[in-house]
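So the chains spell out like this:
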Amino acid sequence: MADTMWTLRTDAGALRRDPSAPQLAAALARLDGRATTFLRLDRATGESLWAAGGDGGHHLVVFMRSEGEQTSATLCDPTRRGADVTLTVEGTASDFPARFGIGRALLLRVFATFLQDGGFPDDATWDRLRTGEIRRPGDAPRTPIDVNDISRTHAEIDALEQALARREASGKRGGYARLYVDRPPCAACLGGALALAIRAAHLDSLELTFPAPALPPPVRDPAPWQAAYLTGNIIIHAEGPAVELEQRDRSTENR
């Protein structure tokens, strides 16, 4: 059996190995900002291309060279100007500058080229999401943490940025925190963004609780994560990527 070159994943838990171009296009067409808000195409050599949103025909498209690398590139359309666009990324709606709201035609063309040879169209333009460019309804005070452009849209990083702002104000250092989220963490967060954000928030570790998933962790090497991840309860240490499942004395929780 030939080795798998490509793996396609969605937030609905679907996984397809070596998808054809029509299968990839059909999966992208299902991004609607409601039932399906996230898709990721992994190349066996380590690179991955992520698409999120779909709200109103607009999408966020991010390229990552590896799961553990926090540098990423976000596709932009310099011709798009005006009001921010609202995009739902794995259940969280946020407002983005108009240039990051990629239309379906460019979305399909960029993914088709990536699937064909791992490259991109010559006219594709890439940028980084900058501090303060993502806005959420009812934003609480936060101190931005520089992680990859996928993770910076996710609830876990949002919560740790808020925690950092509070801990900076109080002068707290060290300790342990608990965080409850409504879905399992993604590969970009597991790949290093969470550990980085835990360190930035001056925490020693974070216990993350989420609905127990049916599938293994969405990372290239799931073995270190699998036992704890499948219970819906993992502890990530600041010096990561050590992960464990353990019982804690709840009277010592750092809130």
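Bear in mind that the values here come from a model prediction, so they are computed numbers and not experimental data.

Caption draft 1: How the structure looks around the overall build of the protein. What the protein contains, in helices and strands, is 5 helices and 13 strands. Counting every position in the protein, which comprises 255 residues, the buried fraction comes to 52%. In the protein, the share of contacts with a sequence separation of at least 24, taken over all contacts with a separation of at least 6, comes to 61%. Total accessible area on the protein stands at roughly 11,600 Å², and carbon and sulfur atoms take up 52% of it.

Caption draft 2: Here's a closer look at the environment of Ser151. Positionally, Ser151 belongs in the loop between β9 (125-127) and α3 (155-170). A residue is classified by how much of its surface remains accessible, and Ser151, at 0% relative accessible area, is buried. Separated by 37 residues in sequence, Ser151 and Ala188 place their C-alpha atoms 6.0 Å apart. The contact partners of Ser151, leaving out residues within four places of it in the chain, are Ile157, Ala188, Cys189 and Ala193.

Caption draft 3: Geometry of the packing of helix α1 (residues 21-29) against helix α2 (residues 104-117). In the contact formed by α1 and α2, the axes pass within 10 Å of each other and the chain directions differ by 145°. Crossing angle aside, the handedness with which α1 passes α2 is right-handed. Contacts between α1 and α2 pair Ala21, Leu24, Ala25, Leu28 and Ala29 from the former with Arg104, Leu107, Leu108, Phe111 and Leu115 from the latter.

Caption draft 4: Up close: the packing of aromatic side chains. For the structure shown, the criterion picks out 8 aromatic pairs. Between the aromatic rings of Phe210 and Tyr229, the centroid separation amounts to 5.5 Å while the plane-to-plane angle is 50°, which identifies the pairing as tilted. Taken together, the residues Phe210 in the loop between β11 (205-209) and α5 (223-229) and Tyr229 in helix α5 connect sequence positions 19 residues apart. Relative accessible area serves as the criterion here: at 5%, Phe210 is assigned to the buried category. Assessed through its relative accessible area of 4%, Tyr229 is described here as buried. In this structure an aromatic cluster arises from ring pairing among Trp6, Phe63, Phe114, Phe120 and Trp126.

Caption draft 5: Just helix α4 (residues 187-200), in detail. Taking 1.5 Å of rise per residue, the 14 residues of α4 would be expected to cover 20 Å, and the 19 Å separating its terminal C-alpha atoms lies within 8% of that figure. The sharpest bend along α4 measures roughly 55° and falls at Ala193. Summarising burial for α4: 10 of the 14 residues are buried, a large majority. Along α4, the residues that are buried comprise Ala187, Ala188, Cys189, Leu190, Gly192, Ala193, Leu194, Ala195, Ala197 and Ile198. Downstream of α4 by one or two residues, His202 has phi in the positive range, about 60°.

Caption draft 6: Representation of α3 within the structure. In a regular helix each residue adds 1.5 Å, so 16 residues correspond to 22 Å; α3 covers 23 Å between its end C-alpha atoms and thus fits that length. When we look at burial in α3, the residues that qualify are Glu156, Ile157, Asp158, Leu160, Glu161, Gln162, Ala163, Leu164, Ala165 and Arg167. On its buried face, α3 sits against β10 (176-180), α4 and β11. Residue Gly171 follows α3 closely and has a positive phi angle near 80°.

Caption draft 7: Quick peek at unusual backbone geometry. Residues other than glycine seldom take positive phi values, yet Asp18 does so here, at roughly 45°. The class of Asp18 is partly exposed, set by a relative accessible area of 35%. One non-glycine residue, His202, adopts positive backbone phi at about 60°. Looking at the secondary structure, you find His202 in the loop between α4 and β11. For His202, a relative accessible area of 25% puts it in the partly exposed group.

Caption draft 8: Broad picture of the pairing of strand β6 (residues 72-76). Taking burial as the measure, the 5 residues of β6 include 5 buried ones, the bulk of the element. Across the two faces of β6 the burial is the same, with Ser72, Thr74 and Cys76 and Ala73 and Leu75 all buried. As defined by bridge partners, β6 adjoins β9 across 3 bridges and the pair is classed as antiparallel. Opposite Leu75, over in β9, you have Trp126 as the bridge partner.

Cut-offs applied
Residues numbered from 1 in each chain as written. Predicted model: local features only at pLDDT ≥ 70, side-chain atom pairs only at ≥ 80, totals over all residues. Heavy atoms only, no water. Helix = DSSP H or I, 4+ residues; strand = E, 2+ residues; numbered from the N terminus. Buried < 20%, exposed > 50% of the residue type's maximum accessible area, 1.4 Å probe, protein only. Contact = heavy atoms within 4.5 Å. Areas by Shrake-Rupley, 256 points an atom, 1.4 Å probe, with all protein chains shown as cover. Axes fitted to C-alpha atoms, helices over the stretch in contact; angles between N-to-C directions. Left-handed = near helix turned anticlockwise from the far one by under 90°. Phe/Tyr/Trp six-rings, centres within 6.5 Å; stacked < 30°, edge-to-face > 60°. Expected span 1.5 Å × (residues − 1). Bend = angle between axes of the 7 residues up to and from the residue. Pairing = 2+ DSSP bridges.

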